[in-house]
Amino acid sequence: MPFTSNGGIRLHWEEQGEGPPILLIMGHRLSSAMWYAAKEGLGDRYRLIWFDNQGSGKSGARRRTSIAQMTADAVAVLDAAGVDKAHIYGVSMGGGIALEFGARYPQRARSLILGCTKAKTPDGPPRGKWKVSVIYRLLPLIKLFLKPAKFNNGYGDNAPEDAIARDKEIGKDDPFSMTGVIAQSHAIIDYSITPEEVAAVTLPALVLHGTQDLAVPYEDGKTLSELLPNARLVTFEGIGHNYFIGAGDRANAEVDRFIQAVEKGA
C-alpha cells in the first residue's frame, strides 16, 4: 500500500492502468475510494493516480491546513509516482485544489478538469463581523450532516436510482478524521483566488457542472469557465453536486474526449 509524506503528514495514494496520467483529487471529507466510477470508466486507457486528502481515508491529518498545503500534497503524490506532468482532475474542494495546482504549478499539469467547483474570489463576509464569520465557517460542516430531499439528495432529479443507491452503499463507511474534516472546512473558508490569478491559468481546462448543484451553484461553474481563458463548460441538466455519480458515464465520456483532444494537441 503506497504512502508518501508532505510536511510531516503521511499521504495514502494508489494507481492503476497505463496511458496518459490523470491525478484524481476528491472533495471535502470523502476519501479517494469515492472515485470508483471514474476508475471504472477511465482505468482501461489511462494511468489513474489517486490519493486521500489529509483528514480523509488512510491519510494523516493536521489540526489546521490550507488549500495551498493540500495542493502541495498533490505535487508530492506526483513526485512519489514518478510523474512529471499529469491531467489534474478535481471535484468540489478537490476542484479548488486542482485550480490552485494550475495557478501555482502549471509546469506539472497537462490540463485541468474542474468538477462541481468554483473560483473562490476574496468576497466572503467581513472578518470583523464575528457572528457572521463563525456561521459562515460552520456551513461546510452543516452540509456534512444535512441530507436535503430536494433534487434527490444532491444527485439531481435525472440521476439513476441504482447509481444513487450504489454510491450511498459504498460511501456509508468511508473513513475520515473529524479533526481533519474541520481543518478542511477552515481551509475552504480561508482560501481565495483572484479573478486575475484565474485568468492567468492558460492550461486547457474542462469545467463540469450540474444545473441542480446545491453545494456550488451552477452559475459559479459557469463563471469559472468564463474566467479561464482556455476552458470549455459541460452542463449536466437535472444533475446535482455529485455529477460524477449522477451523470457518471456521460461525465467520463466528456473527460475522455477532452483528454484525447489535449493529447493530440487540439
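The structure we're discussing is the one just above.
The structure reproduced in this document is the subject of the present report. Since the structure is predicted, the reported quantities are computational estimates derived from the model, not experimental observations. Each residue is numbered by its place in its chain's sequence as written, counting from 1. The predicted nature of this model means local features are confined to residues of pLDDT at least 70 and side-chain atom pairs, given and counted, to a pLDDT of 80 or more, with totals for whole chains, interfaces and linings taken over all residues. Water and hydrogen atoms play no part in the side-chain values, which are based on all heavy atoms of the structure.

## So, the overall build of the chain
Part 1: Looking only at helices and strands, the chain features ten helices and eight strands.
Part 2: With 266 residues in all, the chain has 53% of them scored as buried.
Part 3: Pairs of residues are marked as contacts when any of their non-hydrogen atoms sit within 4.5 Å. Sequence separation of 24 or more characterises 78% of the internal contacts of the chain that already satisfy a separation of 6 or more.
Part 4: To be clear on the numbers: accessible area is Shrake-Rupley with a 1.4 Å probe, and residue cover counts the displayed protein chains and nothing else. Surface summary for the chain: the accessible area is close to 11,700 Å², and the carbon and sulfur share equals 53%. Segments assigned H or I by DSSP are reported as helices when at least four residues long, segments assigned E as strands when at least two residues long, and all are numbered from the N terminus. Using a 1.4 Å probe on the protein chains alone, a residue whose accessible area is under 20% of its type maximum counts as buried, one over 50% counts as exposed, and one in between counts as partly exposed.

## Let's talk about the pattern of salt bridges
Part 1: Salt bridges are defined as contacts in which a side-chain nitrogen from Lys or Arg sits within 4 Å of a carboxyl oxygen from Asp or Glu. Tallied over the entire structure, the rule returns 13 salt bridges.
Part 2: As a salt-bridge pair, Glu197 and Arg104 come within 3.0 Å of each other at their nearest N and O atoms. With Glu197 in helix 7 (residues 195–199) and Arg104 in helix 3 (residues 93–104), this residue pair connects regions lying 93 residues apart in the sequence.
Part 3: Under the relative-accessibility criterion, Glu197 is labelled partly exposed at 27%.
Part 4: Given a relative accessible area of 37%, Arg104 falls into the partly exposed group.
Part 5: Glu254 is the salt-bridge partner of Arg232, the closest N and O atoms lying 3.5 Å from each other. Of this pair, Arg232 sits in strand 8 (residues 231–236) while Glu254 sits in helix 10 (residues 248–263), and the two are 22 residues apart along the sequence.
Part 6: Residue Glu254 is classed as buried on the basis of its relative accessible area, which comes to 17%.
Part 7: Salt bridges here are not isolated pairs; linked through shared partners, they connect Asp44, Arg45 and Asp256.

## Concerning unusual backbone geometry
Part 1: For Arg29, which is not a glycine, the phi torsion comes out positive at approximately 75°.
Part 2: Position of Arg29 among the secondary structure elements: in the loop between strand 3 (21–25) and helix 1 (36–42).
Part 3: Backbone geometry places Ser92, a non-glycine residue, at a positive phi of 55°.

## Some points on the packing of aromatic side chains
The relation between two aromatic rings is expressed through the spacing of the ring centres and the mutual angle of the planes.
Part 1: Aromatic contacts are taken between Phe, Tyr and Trp rings whose centres are within 6.5 Å, Trp giving its six-membered ring; a plane angle under 30 degrees counts as stacked, one over 60 as edge-to-face, and the others as tilted. A full pass over the atoms with the stated rule returns five aromatic pairs.
Part 2: For the pair Phe236 and Tyr243, a centre-to-centre distance of 5.6 Å together with 10° between the ring planes defines the contact as stacked. Across the pair, Tyr243 and Phe236 agree in class, each one buried.
Part 3: Taken together, the ring pairs connect Trp35, Tyr89, Phe236, Tyr243 and Phe244 into an aromatic cluster.
Part 4: Remark: a charge is flagged as sitting over a ring if the NZ atom of Lys or the CZ atom of Arg is within 6 Å of the ring centre and within 35 degrees of the ring normal. Note that Arg10 overlies the ring of Phe3, its terminal NZ or CZ placed 3.7 Å from the centroid.
Part 5: The aromatic ring of Trp50 is capped on one face by Lys39, whose charged end is 4.0 Å from the ring centroid.

## As for the sheet that holds strand 6 (residues 109–115)
Part 1: Two strands pair under a simple rule: DSSP has to find at least two bridges between them. Taken together, eight strands build an open sheet; the order of strands is 1-2-4-3-5-6-7-8 and the sheet is mixed. In the strand order of this sheet, the two ends are held by strand 1 (3–6) and strand 8, each with one partner. Each neighbouring strand pair of the sheet contributes to a mean axis angle of 25°, computed without reference to strand direction.
Part 2: In this sheet, strand 6 lies alongside strand 5 (residues 86–91) in parallel orientation, the contact comprising six bridges. Directly across from Val91, in strand 6, lies its bridge partner Gly115.
Part 3: What counts as an axis is a line fitted to C-alpha atoms, over the stretch in contact for a helix, and the angles between N-to-C directions run from 0 to 180 degrees. Along the sheet, helix 10 makes contact with strand 3, strand 5, strand 6, strand 7 (205–210) and strand 8, crossing strand 6 at roughly 160°.

## Section: helix 3
Two residues of an α-helix separated by three or four positions point the same way, owing to the 3.6 residues in each turn.
Part 1: Between its first and last C-alpha, helix 3 extends 16 Å over twelve residues, near the 16 Å set by a 1.5 Å rise per residue.
Part 2: Within helix 3 the residues assigned to the buried category are Met93, Gly94, Gly95, Gly96, Ile97, Ala98, Leu99, Glu100, Phe101 and Gly102. To estimate the expected span of a helix, subtract one from its residue number and multiply by 1.5 Å.

## Re the pairing of strand 8
Part 1: Two strands pair when backbone bridges link them, and strand 7 and strand 8 are joined in this way by six bridges, in the parallel orientation. Each bridged residue has a counterpart across the sheet, and for Leu206 the counterpart in strand 8 is Arg232.
Part 2: Note on handedness: a clockwise path from strand one over the helix to strand two, with the strands aimed away from the viewer, defines a right-handed crossover. Of the crossover connections in this fold, the one passing from strand 7 over helix 8 (residues 218–227) to the parallel strand 8 is right-handed.

Purely geometric stuff here, so don't read any function into it on its own.
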